[in-house]
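Fold and geometry: a report
Here is how the chains run, residue by residue.
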Amino acid sequence: MQTLASCLGSLRSKIGQWFLHLPLHAGTISAMLGAMILSQLISAGGHDSPAYITGYYLSNWLGRGYLGIAGFIGVLGTFISGSTMTANVTFGAIQQESAAVLAASGSYEVLASVV
């Protein structure tokens, strides 16, 4: 049976190892947090959100032709953000809104934008 001191020592050692590797992952962690914050800023607000406004008006303006440029929006998002994951998180709400307006499959829209 382990004593409390040995359990705490083991825990301290594991936490120390985690902190030792933290600088290696700082860029990844900050990029992920930035993407999540940007995604929430774009999609928060219901019908007043930038994702809704962009998806709604762009798909109304282009009609079914929007389905042809959905992939280009994914490429543009990847170019701007530098990461496919960030682009998918950020522009996914726009693609889903346009799919709802066009009565298309939301899965198709989101998959079409994945690079």
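That block above? That's the structure.
Everything in this summary refers to the structure shown in the same document. Not measured: the values here are computed from a predicted model. (Residues numbered from 1 in each chain as written. Predicted model: local features only at pLDDT ≥ 70, side-chain atom pairs only at ≥ 80, totals over all residues. Heavy atoms only, no water.)

1. Focus on helix H4 (residues 84-102)
By the largest-angle criterion, Phe91 marks the main kink of H4, which is about 45°. For H4, every residue scored as buried is listed here: Thr86, Ala87, Thr90, Gly92, Ile94, Gln95, Glu97, Ser98, Ala99 and Leu102. Looking at the residues trailing H4, positive phi occurs at Ala103, about 55°. (Bend = angle between axes of the 7 residues up to and from the residue. Helix = DSSP H or I, 4+ residues; strand = E, 2+ residues; numbered from the N terminus. Buried < 20%, exposed > 50% of the residue type's maximum accessible area, 1.4 Å probe, protein only.)

2. Description of the packing of aromatic side chains
Geometry of an aromatic ring pair is reported as the spacing of the ring centres plus the angle between the planes. Applying the stated rule across the entire model yields 2 aromatic pairs. When the centroid spacing of 5.4 Å and the interplanar angle of 15° are considered together, the rings of Tyr52 and Tyr56 count as stacked. A residue pair is termed a helical-turn pair when its members lie 3 or 4 positions apart in one helix, as Tyr52 and Tyr56 do in helix H2 (residues 50-62) at 4 residues. Using a relative accessible area of 18% as the deciding quantity, one classes Tyr52 as buried. Judged by its relative accessible area of 29%, Tyr56 falls in the partly exposed class. Look at Tyr56 and Tyr57: their rings are 5.1 Å apart centre to centre, the planes differ by 90°, and that puts the pair in the edge-to-face class. Aromatic rings pair up to connect Tyr52, Tyr56 and Tyr57 into one cluster. (Phe/Tyr/Trp six-rings, centres within 6.5 Å; stacked < 30°, edge-to-face > 60°.)

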